[in-house]
Amino acid sequence: MKNIRVYFMTLLILLTFTLSSCEVVGDIFKAGMWTALIIIVIVVLIIVWIFRRFTGR
């Protein structure tokens, strides 16, 4: 189980450094305000869920 935890943390760090957040946010807002709001809320909820799974709370 610890190998999976290391794998996911490495993947998360890799995605953090490789994705250009400004470009992604700009494209989302071009699609529309409500679409952007829904996508941002979903992404934040996924990040919180992943964080809680790894911290064991």
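Residues numbered from 1 in each chain as written. Predicted model: local features only at pLDDT ≥ 70, side-chain atom pairs only at ≥ 80, totals over all residues. Heavy atoms only, no water.

Details of the overall build of the chain
Here's step 1: Along the backbone of the chain there are three helices and zero strands.
Here's step 2: Listing the helices and strands of the chain from first to last along the sequence gives α-α-α.
Here's step 3: Scored against the burial criterion, the 57 residues of the chain give a buried share of 5%. (Helix = DSSP H or I, 4+ residues; strand = E, 2+ residues; numbered from the N terminus. Buried < 20%, exposed > 50% of the residue type's maximum accessible area, 1.4 Å probe, protein only.)

As for helix H3 (residues 33–55)
Here's step 1: Compared with an ideal rise of 1.5 Å per residue, which puts 23 residues at 33 Å, H3 spans 33 Å between its outermost C-alpha atoms and is within 8% of the ideal.
Here's step 2: Residue Gly56 follows H3 closely and has a positive phi angle near 80°. (Expected span 1.5 Å × (residues − 1).)

A short note on the confidence of the model for the chain
Here's step 1: Taken over all residues, the pLDDT of the chain has a mean of 77, while the share at 70 or more is 84%.
Here's step 2: Per-element confidence in the chain ranges from a low mean pLDDT of 71 for helix H2 (residues 21–31) to a high of 86 for H3. (pLDDT = per-residue confidence, 0-100.)

Focus on a nonpolar patch on the surface
Here's step 1: Among the surface-exposed residues, Ile4, Tyr7, Phe8, Leu11, Leu14 and Leu15 lie close enough to one another that they form a single nonpolar patch of about 570 Å² accessible area.
Here's step 2: Structurally, Leu14 is set in helix H1 (residues 2–18). (Patch = residues over 30% accessible without salt bridge, like charges linked within 9 Å, V, L, I, M, F, W, Y side chains within 5 Å. Areas by Shrake-Rupley, 256 points an atom, 1.4 Å probe, with all protein chains shown as cover. Salt bridge = Lys/Arg side-chain N within 4 Å of Asp/Glu carboxyl O.)

Thoughts on the environment of Val6
Here's step 1: Within the fold, Val6 resides in helix H1.
Here's step 2: Note: C-alpha distance between Val6 and Phe54 (48 residues apart in sequence) is 9.8 Å.

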